Amino acid sequence: MSRVDKLNMVFRKDPNIVSRQIAGEVILVPVRRRLGDVECIYALNEVASHVWERLDGDTSLEVLLADLVAKFEVSTDEAERDLLGLVEHLKEAGAIEAAS
C-alpha cells in the first residue's frame, strides 16, 4: 500500500475498548478480556492519547498527521512514521478498525 493510500485511511475505535485517564495517562482496556490479563491494558503517551481521541471514524490519517505537526514540535517525516506505527500497533491489538 502506498504512503498516500495509508494516509487516506480512516479508523475508528473498537467499541469493546474503553479509555480512562488515570494519573495523567490515558489507559486503554478491552472490556471483553479478563481484568487480570495485564498484557491487554495499554498506556498511551501524550501524542498517542491525542491520536486516540481523534480516531473518530471520520478523520483521515492525513488530517491527523497535519494536526500532529502543528500541535507538537515534530517534523512531518517523524510524525508520519510514528503515526503509522501507532496505528499499526493499535490495529494489531484490536483497538481500532478501518472505517467503511
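Residues numbered from 1 in each chain as written. Predicted model: local features only at pLDDT ≥ 70, side-chain atom pairs only at ≥ 80, totals over all residues. Heavy atoms only, no water.

**Remarks on the packing of helix H2 (residues 46–54) against helix H3 (residues 61–71)**
- Where H2 contacts H3, the two axes come as close as 11 Å, and the packing angle between them is 145°. Classified by chirality, the crossing of H3 by H2 is right-handed. From H2, Val47, His50, Val51 and Arg54 reach across to H3, where they touch Val63, Leu64, Asp67, Leu68 and Lys71.
- The class makeup of the residues in the contact of H2 with H3 is five nonpolar, one polar and three charged. (Axes fitted to C-alpha atoms, helices over the stretch in contact; angles between N-to-C directions. Helix = DSSP H or I, 4+ residues; strand = E, 2+ residues; numbered from the N terminus. Left-handed = near helix turned anticlockwise from the far one by under 90°. Contact = heavy atoms within 4.5 Å. Nonpolar A, V, L, I, M, F, W, Y, C, P; charged D, E, K, R; others polar.)

**Here's the deal with the packing of aromatic side chains**
- This model, assessed by the stated rule, comprises zero aromatic pairs.
- Lys71 extends its terminal NZ or CZ atom over the ring of Phe72, reaching a point 5.9 Å from the ring centre. (Phe/Tyr/Trp six-rings, centres within 6.5 Å; stacked < 30°, edge-to-face > 60°. Lys NZ or Arg CZ within 6 Å of the ring centre and 35° of its normal.)

**What to know about the environment of Gly94**
- Inspection of the secondary structure assignment puts Gly94 in the loop between helix H4 (76–92) and strand E6 (96–98).
- Linking Gly94 and Leu55, residues 39 residues apart in sequence, is a C-alpha distance of 14 Å.
- For Gly94, the residues in contact, after removing those within four places along its chain, are Asp14 and Ile17.

**Topic: the sheet that holds strand E5 (residues 56–60)**
- Ordered in space as E5-E1-E6, the three strands form an open sheet in which the pairing is antiparallel. Edge strands, defined here as strands with exactly one partner in the open sheet, are E5 and E6. Ignoring strand direction, the axes of neighbouring strands in this sheet form an average angle of 30°.
- Taken together, the three bridges between strand E1 (residues 10–13) and E6 define a ladder with antiparallel strand orientation. The residue bridging Phe11 from the neighbouring strand is Ala98, located in E6. (Pairing = 2+ DSSP bridges.)

**As for the pairing of strand E2 (residues 17–22)**
- Pairing of E2 with strand E3 (residues 25–30), which is carried by six bridges, proceeds in the antiparallel orientation. When the sheet's bridge partners are listed, Ile17 is paired in E3 with Pro30.
- Between E2 and E3, which pair antiparallel in sequence order, lie two residues; one of them, Ala23, sits at a positive phi of approximately 50°.

**Side note on the side chain of Ser49**
- Tracing the backbone through its elements, the reader meets Ser49 in helix H2.
- A relative accessible area of 12% places Ser49 in the buried class.
- For Ser49, the contacting residues outside a window of four places in its chain are Val26 and Leu44. (Buried < 20%, exposed > 50% of the residue type's maximum accessible area, 1.4 Å probe, protein only.)

**Remarks on the sheet that holds E3**
- Reading across from one edge, E2-E3-E4 is the order of the three strands in this open sheet, with antiparallel pairing throughout. Edge strands, defined here as strands with exactly one partner in the open sheet, are E2 and strand E4 (42–44). Pairs of neighbouring strands in the sheet enclose a mean axial angle of 25°, with direction left out of account.
- Note that E3 and E4 share three bridges and pair antiparallel. For Val26, the partnering residue across the bridge sits in E4 and is Leu44.

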